[in-house]
Amino acid sequence: MKIDNLKIFTGRAHPALAQAITNSLQIPLGHADVLSFPDSETFVKVHDHIRGDDVFIIQPTCNPTNENVMELFIMVDAIKRASAKRITAVLPFFGYARQDRKDQPRVPITAKLVANLLVAAGVDRVLTLDLHATQIQGFFDIPCDHLYASPVIYDYLKDQPVENLTVFSPDVGGLKRAQAYATMFDCQLGFIAKRRINAETVEATNLVGDVEGRDILIVDDMTETAGTLTAAAKILKSNGAKSVKAAVTHAQLTDSAFDRLSEKWLDELIVTDSIPPQERFKDYPITVLSIAPILTEAILRIHNNLSVTSLFKVKGF
């Protein structure tokens, strides 16, 4: 595929991922200064000539979310004013996605707000991964390519010798995602009913599915406190599960999450590098898988105006 006039820039959110993508493409990472003034305002200066170029900005809007979101807007504005032909925001993790509806009076819909702000800043296209709710694609008035981490996770797990696997969703809302994994692995499906006590505490109440003597894979889109995953693992092992692993695309783990992981209810937590892996990961049973290859292929296809549909397929599904 052609890479003429393709430029990739990164903010400060996840430069290692951007570097892995440019290394794969065998092109240099775009040269730009992204700095903070003493009063915390962000300054961006693009050094490369990008007039008429197809520009991709790698910037997951993870913690610190507000800083990374604003930094992205400022980078987009700088690149737009430098006369780039097209600007694609590559958001491996789309922050504010959980506030995607009014579930109580007088609250915002921040997923739509951020989508509007990206368009207002000058973004022409969005490339993202495992949105918290797939309907968020419709919040954008520009093309949005929504990829899934399932091919990466499947490639990691497919050769592991498991004959009695059951895929579980940690809540009713994630059943569709769990069903996709159960189809890929040609195995049984189950789900857990939960009750949220507060922002950091979740109680698993009931489960549906075969558990006794089985290896369990819990799948979810993201975790911060590991409350949902730990509660699910507890009830599964209490009902005779042989082992419990969890596969989560986005892992922005807090101190309370590491405290829960140290209880060892989960035998393994499989995550991707959509968010920069923390140094503490190495002290826990956490496996980090790279999404750089799938993002690289998507960027190449978008740049060459080709379909990205094949990137969704695993085992022909």
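Above this text is the structure in question.
Residues numbered from 1 in each chain as written. Predicted model: local features only at pLDDT ≥ 70, side-chain atom pairs only at ≥ 80, totals over all residues. Heavy atoms only, no water.

Visitor: Would you explain the pairing of strand S13 (residues 268–272) in this entry?
Guide: Note on strand geometry: in a regular strand, side chains alternate between the two faces of the sheet. Of all five residues in S13, five are buried, a share of seventy percent or more. What you see with S13 is no split at all: Glu268, Ile270 and Thr272 on one side and Leu269 and Val271 on the other are buried throughout. Looking at chain direction, strand S12 (residues 243–251) and S13 are connected through three bridges and run parallel. Paired with Ala246 across the bridge in S13 is Leu269. With helix H7 (residues 255–261) bridging S12 and the parallel S13, this β-α-β connection has right-handed handedness. (Buried < 20%, exposed > 50% of the residue type's maximum accessible area, 1.4 Å probe, protein only. Helix = DSSP H or I, 4+ residues; strand = E, 2+ residues; numbered from the N terminus. Pairing = 2+ DSSP bridges. Right-handed = clockwise from strand over helix to strand, strands pointing away.)

Visitor: Help me understand the pattern of salt bridges in this model?
Guide: Any two side chains of opposite charge can pair, given that their charged atoms come close. This structure, assessed with the given rule, holds 14 salt bridges. Between Arg12 and Glu71 there is a salt bridge whose closest N-O contact spans 2.7 Å. Here Arg12 is found in the loop between strand S1 (6–10) and helix H1 (15–25), whereas its partner Glu71 is found in helix H2 (residues 65–81), with 59 residues between them in sequence. Its relative accessible area of 2% is what places Glu71 among the buried residues. For Asp54, the salt bridge identified is with Arg86, shortest N-O distance 2.8 Å. With a gap of 32 residues between them, Asp54 in strand S4 (residues 54–58) and Arg86 in strand S5 (residues 86–91) connect regions that are remote in the sequence. No difference in accessibility class separates Asp54 from Arg86, as the two residues are buried. (Salt bridge = Lys/Arg side-chain N within 4 Å of Asp/Glu carboxyl O.)

Visitor: What exactly am I supposed to notice about the nonpolar core here?
Guide: Among soluble globular proteins, nonpolar side chains are generally buried collectively. Membership of the largest hydrophobic core comes to 40 residues, with the highest contact counts inside it found for Ile21, Leu295 and Ile299. Examining the composition of this core, we find that seven residues originate from one element, helix H8 (residues 292–303), more than from any other. Ignoring anything within four residues of it in the chain, the contact list for Leu295 reads Leu17, Ile21, Val90, Pro92, Leu127 and Leu147. In terms of nonpolar packing, the next biggest core, distinct from the first, is built from 33 residues, Val76, Phe94, Val114 and Ile136 among them. (Core = buried A, V, L, I, M, F, W, Y, C linked by side-chain atoms within 4.5 Å. Contact = heavy atoms within 4.5 Å.)

Visitor: Could you clarify how one ought to interpret a nonpolar patch on the surface in this entry?
Guide: On the surface, a cluster of nonpolar side chains totalling about 270 Å² of accessible area is made up of Leu35, Phe37 and Phe43. With respect to the helices, strands and loops of the structure, Phe37 is situated in the loop between strand S2 (32–36) and strand S3 (42–46). We classify Phe37 as partly exposed; its relative accessible area is 41%. (Patch = residues over 30% accessible without salt bridge, like charges linked within 9 Å, V, L, I, M, F, W, Y side chains within 5 Å. Areas by Shrake-Rupley, 256 points an atom, 1.4 Å probe, with all protein chains shown as cover.)

Visitor: Mind showing me how you'd approach the packing of helix H4 (residues 150–157) against helix H5 (residues 175–185) here?
Guide: Packed helices, taken two at a time, are described by the angle their axes make and the gap between the axes. Relative orientation of the contacting elements H4 and H5 amounts to 40°, with a least axis distance of 11 Å. Here H4 is positioned oblique relative to H5, judged by the angle of their axes. The two elements H4 and H5 meet at a crossing, and its hand is right-handed. Residue-level contacts link Ser150, Ile153, Tyr154 and Leu157 of H4 to Tyr181, Met184 and Phe185 of H5. Here the residues of the contact of H4 with H5 are counted per class, giving six nonpolar, one polar and no charged. (Axes fitted to C-alpha atoms, helices over the stretch in contact; angles between N-to-C directions. Parallel < 35°, antiparallel > 145°, perpendicular 65-115°, else oblique. Left-handed = near helix turned anticlockwise from the far one by under 90°. Nonpolar A, V, L, I, M, F, W, Y, C, P; charged D, E, K, R; others polar.)

Visitor: Any chance you could explain the state of the cysteines here in plain terms?
Guide: By the definition in use, this model includes zero disulfides. Free cysteine Cys144: the closest other cysteine sulfur is in Cys62, separated by 18 Å. (Disulfide = S-S within 2.5 Å.)

Visitor: Explanation requested: helix H6 (residues 227–238) in the structure shown.
Guide: Since the α-helix advances by 3.6 residues per turn, residues separated by three or four positions end up pointing in the same direction. In a regular helix each residue adds 1.5 Å, so 12 residues correspond to 16 Å; H6 covers 16 Å between its end C-alpha atoms and thus fits that length. By the criterion of burial, H6 is predominantly enclosed, with nine of the 12 residues buried. Gly227, Thr228, Leu229, Thr230, Ala231, Ala232, Ala233, Ile235 and Leu236 are the residues of H6 that are buried. Gly240 occupies a position one or two residues after H6 and carries a positive phi of about 95°. (Expected span 1.5 Å × (residues − 1).)

Visitor: What is the right way to look at the sheet that holds strand S6 (residues 125–129) in this model?
Guide: Whenever strands of a sheet pair, they do so through backbone hydrogen bonds, lying parallel or antiparallel. Read from one edge of the open sheet, five strands run S1-S4-S5-S6-S7, paired in parallel fashion. The two strands at the open ends of the sheet, each matched to only one other strand, are S1 and strand S7 (144–147). For this sheet, the mean angle separating the axes of adjacent strands, direction not counted, is 20°. In this structure, S4 lies alongside S5, joined through five bridges in parallel fashion. Bridged to Val55 within S5 is Ile87. The strands that H2 touches are S1, S4 and S5; relative to S4, the one it contacts most, it runs at about 165°.

Visitor: Sorry, what's going on with the pairing of strand S11 (residues 215–223) here?
Guide: Here S11 lies mainly inside the structure; nine of its nine residues are buried. The pairing of strand S8 (residues 165–169) with S11 spans four bridges and is classified as parallel. Within S11, the position partnered with Phe168 by the bridge is Ile218. Handedness of the β-α-β unit built from S11, H6 and S12 comes out right-handed.

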